[in-house]
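Residues per chain, in single letters:
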Amino acid sequence: MLSLKQTMMSLAVVSALSMGSAVAATTAYSTNGTNVSPTNVEGVVKNSIGECWRTGTWSKDQATVEGCDGYVKPQPKVEAPAPVPAPAPVVKSKTFSLQADVLFDFNKASLKPAGKDALDKLYQDVVNFDPKEGNAVVVGYTDRIGSDKYNNALSQKRAQSVVDYLVSKGAPADKFTAEGRGKADPVTGDTCNKIKARKQLIECLAPDRRVEIEVKGVQEVVVPATK
């Protein structure tokens, strides 16, 4: 059995070893295991006014002990915000419509002087719309008087007359196409069904005779610059 003296010596050795293991590795300041405490885990030796005793190897880069002069508390690393993805371009579309009676004489596909004036004004509206990578379809419509074959051909010729004129004004020929839809999609519905006299029927069906320019294109979204 160990004697009381041997037991006490063993406890002292264990205590000393435990105290020494708590001392952090620092060579910038004098340390002593007996100084270790919750507020001085390195066991740094301090003078009567609380200043840490530097060693000869001290340098500013080694001032890593909290509570000693020169110590700068590490700042938490701030992650850079993820870059905001650029907004997707917006697809825009707009339809311009003109009455065929303004553009053409009845049953004709040649533009009237008044029709050219109307297209001059409409062309500027199309230019102001200004979609990027856009295209335009000029669609001609007739009323329901006459056969489908005849009306389809007439509406196609009218649409092409409008395309040709806009191209002559400067519109890109590869961006404009003509399409005739004849008597399709009437806007008058059944409001003219009871009219029998031809002249009055032609007048009633006037809204169905029209040319529409459907413009589609991509417009980039501009994000205001942040200051």
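- By the naming in an unreviewed UniProt entry, the chain goes by OmpA family protein and is assigned to Jeongeupia naejangsanensis.
- For the chain, the Subcellular location (unreviewed entry) comment in UniProt is given as "Cell outer membrane".

**A word on the packing of aromatic side chains**
Then, in step 1: Throughout the structure, instances matching the rule amount to zero aromatic pairs.
Then, in step 2: Positioned above the aromatic ring of tryptophan 58 is the side chain of arginine 54, whose terminal nitrogen or guanidinium carbon lies 3.6 Å from the ring centre.
Then, in step 3: The lysine or arginine in question, arginine 210, covers the ring of tyrosine 141, its NZ or CZ lying 3.9 Å from the ring centre.

**Topic: the state of the cysteines**
Then, in step 1: Tallying each qualifying case throughout the model produces two disulfides.
Then, in step 2: With a sulfur-sulfur separation of 2.0 Å, cysteine 52 is cross-linked through a disulfide to cysteine 68. Disulfide cysteine 52-cysteine 68: the torsion about the S-S bond is -80 degrees, which places it as left-handed. Of the two residues, cysteine 52 is situated in the loop between α1 (4–21) and β1 (90–99) and cysteine 68 in the loop between α1 and β1; the sequence distance between them amounts to 16 residues. Like cysteine 68, cysteine 52 is buried.
Then, in step 3: Once the disulfide-bonded cysteines of the chain are ranked by sequence position, their pairing pattern turns out to be 1-2, 3-4.

Each value, and the rule that gives it
Each chain carries its own residue numbering, running from 1 in the direction its sequence is written. Local features in a predicted model are, by the rule used here, given only for residues with pLDDT of at least 70; side-chain atom pairs are given and counted only at 80 or more, and totals for whole chains, interfaces and linings are based on all residues. For the side-chain quantities, the full set of heavy atoms in the structure was used; hydrogens and water were omitted. UniProt positions are given in the numbering used here, feature names are shortened, and annotations may be inferred rather than shown by experiment. Stacked, tilted and edge-to-face pairs are distinguished by plane angle, under 30 degrees for stacked and over 60 for edge-to-face with tilted covering the rest, among Phe, Tyr and Trp rings (Trp via its six-membered ring) whose centres lie within 6.5 Å. Two thresholds decide whether a charge sits over a ring: the Lys NZ or Arg CZ must be within 6 Å of the ring centre and within 35 degrees of the ring normal. When two cysteine sulfur atoms lie within 2.5 Å, the pair is treated as a disulfide. What counts as a helix is a DSSP run of H or I of at least four residues, what counts as a strand is a run of E of at least two, and both are numbered from the N terminus. Accessible area is worked out with a 1.4 Å probe on protein chains only. A residue is then buried under 20% of its type maximum, exposed over 50%, and partly exposed in between.

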